[in-house]
Amino acid sequence: MLTQEQIDQFDHDGFLNGGRIFADNEVAELSDELERIMKIGPKGFDEDAPQPVLFRDLAAGGYETNDRGEGPTPVWQIVNIWEASKAFEKLIYHPAVVGAISQLTGFADLQVWHDQIQYKPEGRGGATGWHQDAPLWPSIEPMTPVSAWIPFDDADVENGCMWMVPGSHRWGNQMEYLRRFGNLKLINEFGNIGGDFQPPEGTEVIEAKAVPRPVMQGEVHFHHSLTWHGSPTNPSPRTRRAIAIHYMTGEAKYTGRAHAMSQFIEIEVGEPMLNAGPHFPSVCRAGKPVVFAR
Ligand SMILES: O=C(O)CCC(=O)C(=O)O
């Protein structure tokens, strides 16, 4: 359970380190599972085997790639690893994570929108540009979800932890502004954002100032879907591996607009995502985390 102080902190900042909730052996199991799937690779799954929805190097665009589709500064993105791995399927139901998301959103019903591994290899892992999540998810409205971010390595400034801007979740859709900073990739420049940004009048935080968000193995970190965030390159000798689980609240409705997940939505425009089908598991019902029983 999060304390009221933690909930207030999240409301103010748009992010929160929720502390340690995973034992070492749980982190090790997930980390081994991730390495198993990385070995299979984007092209190695049998056609009829359960597999992720997307598996690609996010940073490869415009570069020459090897036969795995890997460019010179890889950020391996695996979307819905839970569909390919029992250990990750169990993770999306984790009662401490789900309970905290329910507290932070104030919603009793929650579903998984999708999950996403971002794997930055040691020495050459690429950057994930500054962005907000909700504007990249036009298929669902309103923009209220919260994500849990769980690392499988200590994620710190040296190996490309996320950076965030406190209070930015109250500033609406600012993707047009953030796109101007696509050139920021290296650790020593990544925080140079927001200098000329004027937060909307009446918001609590009135300066756009980026801060690094180190998260240690075993801990969970939460961020609002409108919080400005991104992560720089990983020049360190350590991997930076993590999963984000993007949750939807019971108010989410299908808009008909496109996203990698929209091909799996089995409802009509305007209907609640609650009925969207098996790719969007319900993980909290009437305020109680659903027990994973498979
Ligand atoms: O893992 C990262 O560095 C970025 C993840 C991210 O953008 C997200 O969780 O929304």
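Before going into details, it helps to say that this report is about the structure given with it. Here the structure is a predicted model, which means the values were calculated and not measured. (Residues numbered from 1 in each chain as written. Predicted model: local features only at pLDDT ≥ 70, side-chain atom pairs only at ≥ 80, totals over all residues. Heavy atoms only, no water.)

### With respect to the overall build of the protein chain
Link 1 in the chain: The secondary structure content of the protein chain amounts to six helices and 15 strands.
Link 2 in the chain: Taken along the three principal axes of its C-alpha coordinates, the protein chain extends 50 × 45 × 40 Å.
Link 3 in the chain: Relative to its 294 residues, the protein chain shows a buried fraction of 56%.
Link 4 in the chain: Long-range pairs, those at least 24 residues apart, make up 80% of the contacts in the protein chain between residues at least 6 apart in sequence.
Link 5 in the chain: When the accessible surface of the protein chain is totalled, it reaches about 13100 Å², and 50% of it is carbon and sulfur.
Link 6 in the chain: Looking at charge distribution, the protein chain has the averaged site of its 24 positive side-chain charges lying 2 Å from that of its 39 negative ones. (Helix = DSSP H or I, 4+ residues; strand = E, 2+ residues; numbered from the N terminus. Buried < 20%, exposed > 50% of the residue type's maximum accessible area, 1.4 Å probe, protein only. Contact = heavy atoms within 4.5 Å. Areas by Shrake-Rupley, 256 points an atom, 1.4 Å probe, with all protein chains shown as cover. Lys, Arg positive; Asp, Glu negative; His and termini not counted. Charge placed at Lys NZ, Arg CZ, Asp CG, Glu CD.)

### Observations regarding the environment of Thr 73
Link 1 in the chain: By secondary structure assignment, the location of Thr 73 is in the loop between β2 (54-57) and β3 (76-79).
Link 2 in the chain: Distance from Thr 73 to Asp 57, taken between C-alpha atoms, is 8.7 Å for residues 16 residues apart in sequence.
Link 3 in the chain: Residues within four places of Thr 73 in sequence aside, it is in contact with Asp 57, Ala 59, Arg 124, Gly 125 and Gly 126.

### Some remarks on the pattern of salt bridges
Link 1 in the chain: One pass over the full model with this rule turns up eight salt bridges.
Link 2 in the chain: Put simply, Arg 124 and Glu 70 hold a salt bridge, and the shortest N to O gap is 3.3 Å. Of this pair, Arg 124 sits in the loop between β4 (110-120) and β5 (128-131) while Glu 70 sits in the loop between β2 and β3, placing them 54 residues apart in sequence.
Link 3 in the chain: Residue classification places Arg 124 among the partly exposed residues on the basis of a relative accessible area of 36%.
Link 4 in the chain: Arg 238 is paired through a salt bridge with Asp 156; the nearest N and O atoms lie 2.9 Å apart. (Salt bridge = Lys/Arg side-chain N within 4 Å of Asp/Glu carboxyl O.)

### Quick look at the packing of aromatic side chains
Link 1 in the chain: The tally for this structure, following the rule as stated, stands at twelve aromatic pairs.
Link 2 in the chain: Ring plane angle 85° and centroid distance 5.9 Å describe the contact between Phe 88 and Phe 152, whose orientation is recorded as edge-to-face. Placement of the pair is Phe 88 in helix α3 (residues 86-92) and Phe 152 in the loop between β7 (146-151) and β8 (162-164), with a sequence separation of 64 residues. The same class applies to Phe 88 as to Phe 152, namely buried.
Link 3 in the chain: Relative to Phe 197, the ring of Tyr 177 lies with its centre 5.0 Å away and its plane at 55°, an arrangement referred to as tilted. With Tyr 177 in helix α5 (residues 175-178) and Phe 197 in the loop between α6 (187-190) and β9 (211-213), this residue pair connects regions lying 20 residues apart in the sequence. For the pair formed by Tyr 177 and Phe 197, the shared burial category is buried.
Link 4 in the chain: One aromatic cluster is present, built from ring pairs that chain together Trp 171, Tyr 177, Phe 181, Phe 197 and Trp 228. (Phe/Tyr/Trp six-rings, centres within 6.5 Å; stacked < 30°, edge-to-face > 60°.)

### Overview of the site of the ligand
Link 1 in the chain: In the vicinity of the ligand, the contacting residues are Gln 118, His 131, Asp 133, Trp 149, Met 162, His 223, His 229, Ser 231, Arg 240, Ala 244 and His 246.
Link 2 in the chain: Note that an oxygen atom of the ligand is positioned 3.0 Å from one of the side-chain N or O atoms of His 131.
Link 3 in the chain: A distance of 2.9 Å separates an oxygen atom of the ligand from a polar atom in the side chain of His 229.
Link 4 in the chain: Within the residue set of the shell around the ligand, elements represented by two or more residues are β11 (229-231) and β12 (240-249).
Link 5 in the chain: The element contributing the most residues to the shell around the ligand is β12, with three residues.
Link 6 in the chain: Grouping the amino acids of the shell around the ligand by side-chain chemistry returns three nonpolar, six polar and two charged. (Near = heavy atom within 4 Å. Polar contact = N/O pair within 3.5 Å; in protein donor to acceptor, adjacent residues only side chain to side chain. Nonpolar A, V, L, I, M, F, W, Y, C, P; charged D, E, K, R; others polar.)

### Here we look at the nonpolar core
Link 1 in the chain: Residues Phe 88, Phe 222 and Tyr 247 are the most contacted members of the largest nonpolar core, which totals 43 residues.
Link 2 in the chain: The residues contacting Phe 88, other than those within four sequence positions of it, are Leu 30, Glu 33, Leu 34, Ile 81, Trp 82, Ile 117, Phe 152 and Ile 243.
Link 3 in the chain: By size, the runner-up hydrophobic cluster in this structure holds 16 residues, among which are Trp 130, Val 165, Phe 197 and Ala 208. (Core = buried A, V, L, I, M, F, W, Y, C linked by side-chain atoms within 4.5 Å.)

### Things to note about the sheet that holds β11
Link 1 in the chain: Taken in spatial order, the four strands of this open sheet run β5-β11-β8-β9, and their pairing is antiparallel. Every other strand in the sheet has two partners, leaving β5 and β9 as the edge strands with one partner each. Within the sheet, the average angular offset between the axes of one strand and its neighbour, ignoring direction, is 30°. (Pairing = 2+ DSSP bridges. Axes fitted to C-alpha atoms, helices over the stretch in contact; angles between N-to-C directions.)

### Some remarks on unusual backbone geometry
Link 1 in the chain: The peptide bond linking Glu 141 to Pro 142 adopts the cis configuration, its omega dihedral lying at -5°.
Link 2 in the chain: Within the secondary structure, Pro 142 is located in the loop between β6 (140-141) and β7.
Link 3 in the chain: For Asn 80, which is not glycine, the phi torsion reads 60° and is therefore positive.
Link 4 in the chain: Along the polypeptide, Asn 80 turns up in the loop between β3 and α3.

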